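A look at the structure
Listed below are the residues making up each chain.
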Amino acid sequence: MTNTLSRRDFLKLGGAAGAALAVGQILPAPVAQAAKEAGHLNADGDGYISSMCEMCVWRCGLIAKIKDGRVVKLDGNPEHPHSRGNLCPRGQSGLMNTYDPDRVLTPLIRVGKRGEGLFRKASWDEALDLVASKMKEIKDKYGPEAMVFSSTHNLSQVQFENLLYAYGSPNYGTQRSLCFNAMITAFLLTYGVEEPARNYENAEYILMIGRNMMEAISTSETGELSRALDRGAKLVYLDPRYTKTASKATEWIPIRPGTDSAFLLAMINVITQNKLADCEFVEKYVQGCDELPTAMQRYTPAWAEQITGVPAATIERIAREYAAAKHNAMAHPGWRTSNFINSFQTERAIATLNALSGTVMSPGGCLSTEVAAEGAGLGAPPQPPYPRVSALRLDGAPWMYPLVPLKLGVFQHLRDSIVSGEPYQAHGWFISRQNPVASLPDRNKTLQAFEKMDFIVTVDIVMNDTAWFSDVILPEASYLERYDPLLPVGGKAFLRQPVIEPQGEAKSALWIYKQLGERLGLGDFFQYADEEDYLRQQLAPLGVTLEEVKAKGYAEMPEEEHSGSEFTFNTPSGKIEVYSETLKNAGFSPWPTWEEPPMPAEGEFYLLTGKVAQHTQFGTQNNQLLHKYSDEPRLWMNAKTAAARGLQDADWVLVTSPVGKAHVQLLATEAIRPDCVYMTPGYGHISKGLTTAFGVGASDSVLHVTYTDPISGGQALSQTFVTVQKA
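Keep in mind that what you see is a predicted model, and the values were worked out from it rather than measured.

**A word on a negative patch on the surface**
On the surface, Glu280, Glu283, Asp290 and Glu291 cluster together into a negatively charged patch. The residue Glu280 is located in helix 11 (residues 279–285) in this model. The exposure class assigned to Glu280 is exposed, which follows from its relative accessible area of 67%.

See below:
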């Protein structure tokens, strides 16, 4: 077939795109004219345009430097609270996301078998018509529930969800159960908020449980922590691995994996048995305060020492130090808390510790539960109500997981239901800015789920692992080439705007979803003429024009009104629910409690994963700048353990779990416990359309076994045990 796009042709197209960029990407009239009118570009096309980064979900403000009509540098916007004039290595490298020679720049339709990588170029009309016809066919034949939708959190997600809910499917897969379900569910049940805001200004004592902040995506918070440490705040850090955060901590405790909650419960025991809590705060704001000492009585430091391996005297000392700091103490809520099936109980214990110190809502305290509603104060296009959905969700929420918020879901269970065909079979999958082939545990099972699909469509900027197995690929414009909905941060609504025109035929997500919605007969849910019209409808209540916001980069939001009345928490009792009737009524312990996790057998190791500063999850390994400055991914193993097994640094080893095998080079180091090994996630890509990332490193997802916490629905990533032998 003459118009088939083979791998060789695909690489030629990428090379041609790179060559075109090398000789200069001129800004066409729409972007250049607006920037010139705003005074950001001179007659030669040189100057600066503000926008927002999307190299991670923190979304820092950026200023793009334009030279000779090309983007040549990205810097942090000092006006934005997340960047404050700085960008992390990922943000600095964002140019290569846009200028990646592997960019998909035209719609593609599969012509070979799935996984062969054979596609042909198509027009937008042909590709969109095909997607809409397949979605209609599935809906008419099997019902809307037979179409699965999944996406990772992003600014245009509101319109992705409009497409999902208007279509009528209940099946929505997000990355949250692979990340922070335990934290969000625990704090919703205890405080009534998803995630309390942190305040380091007066922090004197900070307790972190596996939160590798110094390599995290929350860059502004990392800066706040660093400043707190500079002025003398104490950081106690629990982690089986010596991370960069451990290197900055006052005290590093290499605790046994899965036993953090035992350590925390013993701290609560010390504080309650010795009456060291902020009694005035606890009596006023904590539900269950009278019975808490009795409920925690059995969790002594001596008991915890047998489980955690941490001396009882150390636990007692840290508990007393923490209590002495009162509302200047913070037990950090964490972020990627999908470690063990008892991670929910760890988060409940963290929430309880913060309640006992009185740090929540106290003047100058370290945690705040006042969280503004997302998008509050902005306008939105009108739309009709969504159709009623009666089908069960494939992810088991809420019929199997009654306490999991529906917007979080249980992604790994959704995948498992596709494979099993129970309670019904899914037939189509619409995926946007997500890579379930790489991110879900047990990659082989995810590929089995793909085999069950009649149709798969992916929206992305590159040929990621999931796109490689898709039927249609719709090329999205990069974040430097498009508009997205406004983002309120710190009293301002910030604008992501294009700093260059989209390359090739790439389009914004707002345009793609609207075009599909209209083809599906759902146009009433997408009542905006184009991206700028959407933004103008958002700005209408603020009384400012889009042109003013383009020039400034943001719009001022109206100040929030405070009632001044007595503060209450958004829980059934109006208090912090250390004792939860909701949990009790669902058949779970109403108190934070100890749940024994499984342990590896003789000769097995805990498989740990975690963040690195050079990459964001599974999405940046093909970025040539980040690849250039990344460490070669290797398997960490304790040096003494390696030597005892006849292994040396840089040896190739075979790592085996119950569901998969991986070959990787060894890093023999003292920076990890003897019973653990560690793999950096995001490597081992199988798409040959990723010419930089393909074949580099090994995939941890190949090894991970699927385990789900019955309360929060979180995937227990560290509960996979592996063997290691010389390859």
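Continuing now.
**A closer look at the sheet that holds strand 10 (residues 205–209)**
Taken in spatial order, the four strands line up as 12-11-10-14 in an open sheet, and their pairing is parallel. Of all the strands in the sheet, the pair left with one neighbour each is strand 12 (251–253) and strand 14 (329–331). Averaged over neighbouring strand pairs, the angle between their axes works out to 10° when direction is ignored. Inspection of the sheet shows strand 11 (residues 234–238) paired to strand 12 by three bridges, in the parallel sense. Considered in strand 12, the bridge of Tyr237 is made with Trp252. Relative to strand 10, helix 10 (residues 260–273) is tilted by about 150°, and along the sheet it contacts strand 10, strand 11 and strand 12.

**Remarks on the packing of helix 10 against helix 15 (residues 343–357)**
Packed helices, taken two at a time, are described by their axes: the angle between them and the distance between them. Between helix 10 and helix 15, the shortest axis-to-axis distance is 9 Å and the interhelical angle comes to 25°. Of the possible angle classes, the one that applies to helix 10 and helix 15 is roughly parallel. Judged by the twist between their axes, the crossing of helix 10 over helix 15 is left-handed. On helix 15, the residues that touch Asp260, Ser261, Leu264, Leu265, Met267, Ile268, Ile271 and Thr272 of helix 10 are Gln345, Thr346, Ala349, Ile350, Thr352, Leu353 and Leu356. By residue class, the composition of the contact of helix 10 with helix 15 is nine nonpolar, five polar and one charged.

**Some words on the environment of Gly379**
With respect to the helices and strands, the residue Gly379 is situated in the loop between strand 15 (367–368) and helix 16 (411–420). Judged by its relative accessible area of 16%, Gly379 falls in the buried class. The spatial distance from the C-alpha of Gly379 to the C-alpha of Arg320 is 49 Å, given a sequence separation of 59 residues. Apart from the residues within four sequence positions on either side, Gly379 is in contact with Gln537, Gln538 and Pro541.

**A few points about the side chain of Arg415**
Within the secondary structure, Arg415 is located in helix 16. The class of Arg415 is buried, set by a relative accessible area of 0%. When residues no more than four places from it in sequence are discounted, the contact partners of Arg415 are Leu440, Pro441, Asp442, Lys445, Thr446, Ala449 and Thr706.

**Some points on the nonpolar core**
Counting residues in hydrophobic clusters, the biggest one holds 102 residues, and the most contacted among them are Phe263 and Met267. Broken down by element, the residue count for this core peaks at nine residues, all from helix 10. Apart from the residues within four sequence positions on either side, Met267 is in contact with Leu207, Ile315, Ile318, Ala319, Tyr322 and Leu353. Counting residues in each nonpolar core, the second largest holds 35 residues, with Leu128, Ala146, Ala509 and Phe525 among its members.

**Thoughts on the confidence of the model for the protein chain**
Per-residue confidence for the protein chain averages 92 on the pLDDT scale, and 94% of its residues sit at or above 70. In this model, residues 1–25 is a region of pLDDT below 50 whose contacts with residues beyond four sequence positions or in other chains number 40 contacts.

**A look at the pattern of salt bridges**
Evaluated as defined, the whole model comprises 39 salt bridges. Two residues, Glu126 and Arg120, come together in a salt bridge whose shortest N-O distance is 2.5 Å. With relative accessibility at 31%, the residue Glu126 sits in the partly exposed group. Judged by relative accessible area, which is 16%, Arg120 ranks as buried.

**Thoughts on the sheet that holds strand 28 (residues 721–726)**
Pairing is mixed in the closed barrel, where six strands are placed in the order 23-27-24-26-25-28. Neighbour to neighbour, the strand axes of the sheet diverge by 45° on average, direction disregarded.

**Some details on the environment of Gln621**
The residue Gln621 is located in the loop between strand 23 (605–609) and helix 24 (624–628) in this model. If we skip the residues at most four places from it in the chain, Gln621 touches His615, His627, Pro681, Gly682, Tyr683, His685, Thr692 and Ala693. From its side chain, Gln621 meets the backbone oxygen of Gln617 in a polar contact 3.0 Å long. At 3.2 Å, the side chain of Gln621 forms a polar contact with the side chain of His685.

Thresholds, definitions, all that
Residues numbered from 1 in each chain as written. Predicted model: local features only at pLDDT ≥ 70, side-chain atom pairs only at ≥ 80, totals over all residues. Heavy atoms only, no water. Patch = residues over 30% accessible without salt bridge, like charges linked within 9 Å, V, L, I, M, F, W, Y side chains within 5 Å. Areas by Shrake-Rupley, 256 points an atom, 1.4 Å probe, with all protein chains shown as cover. Salt bridge = Lys/Arg side-chain N within 4 Å of Asp/Glu carboxyl O. Lys, Arg positive; Asp, Glu negative; His and termini not counted. Charge placed at Lys NZ, Arg CZ, Asp CG, Glu CD. Helix = DSSP H or I, 4+ residues; strand = E, 2+ residues; numbered from the N terminus. Buried < 20%, exposed > 50% of the residue type's maximum accessible area, 1.4 Å probe, protein only. Pairing = 2+ DSSP bridges. Axes fitted to C-alpha atoms, helices over the stretch in contact; angles between N-to-C directions. Contact = heavy atoms within 4.5 Å. Parallel < 35°, antiparallel > 145°, perpendicular 65-115°, else oblique. Left-handed = near helix turned anticlockwise from the far one by under 90°. Nonpolar A, V, L, I, M, F, W, Y, C, P; charged D, E, K, R; others polar. Core = buried A, V, L, I, M, F, W, Y, C linked by side-chain atoms within 4.5 Å. pLDDT = per-residue confidence, 0-100. Polar contact = N/O pair within 3.5 Å; in protein donor to acceptor, adjacent residues only side chain to side chain.

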